[in-house]
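Observations on chain architecture
Single-letter residue listing:
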Amino acid sequence: MPYYHKLGKIPQKRHVQYRQPDGSLYKEQVIGTEGFSGISSILYHINPPTKVKEIRQAEDIGFKEWQEGALRHYHIRTLDAKPDGDPVSGRKVMMFNNDVSLGICNPAKQMDYFYKNGEGDEVIFVHYGNGTLESQYGTLDYHDGDYIIIPRGVIYKIGFNSGKTKFLVIEQSRTE
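Presented here is an overview of the structure given in this document. (Residues numbered from 1 in each chain as written. Predicted model: local features only at pLDDT ≥ 70, side-chain atom pairs only at ≥ 80, totals over all residues. Heavy atoms only, no water.)

Here we look at the overall build of the chain
What counts, and what does not: A helix here means a DSSP run of H or I that spans at least four residues, while a strand means a run of E at least two residues long, and both kinds are numbered starting from the N terminus. Think of it in three bands: with a 1.4 Å probe and only protein chains considered, a residue is buried below 20% of the maximum accessible area for its type, exposed above 50%, and partly exposed in between. In this description, contact between two residues means that some pair of their heavy atoms is separated by no more than 4.5 Å.
Along its length, the chain carries zero helices and eleven strands. Start at the N end of the chain and walk to the C end: the helices and strands fall as β-β-β-β-β-β-β-β-β-β-β. Referenced to the eigenvectors of the C-alpha coordinate spread, the extents of the chain come out at roughly 65 × 40 × 35 Å. The buried share among the 176 residues of the chain stands at 26%. The long-range fraction of contacts in the chain, counting pairs at least 24 apart against all pairs at least 6 apart in sequence, stands at 55%.

Take a look at the structure:
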């Protein structure tokens, strides 16, 4: 059974003309992971959510398969990983298969942009550090030991407070 959660002012009914105080229309956005079926969120924006400031060529992450003939135990040492990039660009993928990738991130700098993963859901475990996740759903504070679940298509920015921060990042791979 779906439940409803309301933040801010919304119209009495869904999918109707909803006007701003100046008479112009709010822009409606429906977000769901199953098209027009299943649970979804309806967001009303002052500015169109499709407005794009810049489109850049994405870097090819280039996952490289590890060719090791023998099946044996490995100790993957991540404690001394050097800080690099921001909470998105600083991710280092350690393992992957057709369904999921698993990596770590020790961000060295703040994100100065908002990011949207259009291909998969993300789970971020906070080993240590604290900060905020900003999205169209609001601001979420996080700290040591938290799991942050970010569904595919959510636009977000992760900020962290000064000091060391370390994430374990699990990302759903694109399904064909």
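Now that the structure is up, let's keep going.
Here we look at the sheet that holds strand E5 (residues 115-116)
The criterion, for reference: Only strands joined by at least two bridges in the DSSP assignment are considered to pair.
Pairing within the open sheet is antiparallel, and its four strands lie in the order E5-E10-E7-E8. The outermost strands of the open sheet, each flanked by one partner alone, are E5 and strand E8 (138-142). Where E5 meets strand E10 (residues 155-160), two bridges bridge the pair, whose relative direction is antiparallel. Considered in E10, the bridge of Lys116 is made with Ile155.

Some remarks on the nonpolar core
What counts is decided by this rule: The term nonpolar core refers to a set of buried residues drawn from Ala, Val, Leu, Ile, Met, Phe, Trp, Tyr and Cys, joined through side-chain atoms within 4.5 Å.
The biggest cluster of nonpolar side chains holds 15 residues, and the ones touching the most others in it are Ile124, Tyr142, Ile148, Ile150, Ile158 and Phe167. Counting residues per element, the ones that place at least two in this core are strand E6 (122-128), strand E9 (147-150), E10 and strand E11 (166-172). At three residues, the largest contribution of residues to this core is made by E10. Dropping the residues within four chain positions of it, Ile124 is found in contact with Arg91, Asp146, Tyr147, Ile148, Ile150, Ile158, Phe167, Leu168 and Val169.

Here's the deal with the packing of aromatic side chains
Two aromatic rings, taken as a pair, are described by how far apart their centres are and by the angle between their planes. Here is the rule: When the centres of two rings from Phe, Tyr and Trp lie within 6.5 Å, Trp using its six-membered ring, the rings pair. Their planes under 30 degrees apart give stacked, over 60 give edge-to-face, and anything left gives tilted.
Scanning all chains against the criterion turns up five aromatic pairs. Seen from their ring centres, Tyr18 and Tyr44 are 5.4 Å apart, and the 75° between their planes marks the pair as edge-to-face. Taken together, the residues span a long stretch of sequence, with Tyr18 in the segment before strand E1 (27-32) and Tyr44 in strand E2 (residues 40-45) at a distance of 26 residues. Grouping residues by exposure puts Tyr18 and Tyr44 together as buried. When the centroid spacing of 5.7 Å and the interplanar angle of 85° are considered together, the rings of Tyr115 and Tyr156 count as edge-to-face. Of this pair, Tyr115 sits in strand E5 while Tyr156 sits in strand E10, and the two are 41 residues apart along the sequence. For Tyr156, a relative accessible area of 1% gives the class buried.

Considerations on the sheet that holds E6
The pairing of strands in a sheet comes from backbone hydrogen bonds and takes either a parallel or an antiparallel form. Rule in force here: Lines fitted to C-alpha atoms define the axes here, with helix axes fitted over just the stretch in contact, and angles between the N-to-C directions of these axes take values from 0 to 180 degrees.
With antiparallel pairing, the five strands of this open sheet are ordered in space as E3-E4-E11-E6-E9. Of all strands in the sheet, those with a lone pairing partner are strand E3 (91-96) and E9, marking the two edges. The sheet shows a mean angle of 20° between the axes of neighbouring strands, direction not considered. As judged from the five bridges shared by E3 and strand E4 (residues 100-105), these two strands associate in the antiparallel manner. Counterpart to Met95 in the pairing with E4 is Leu102.

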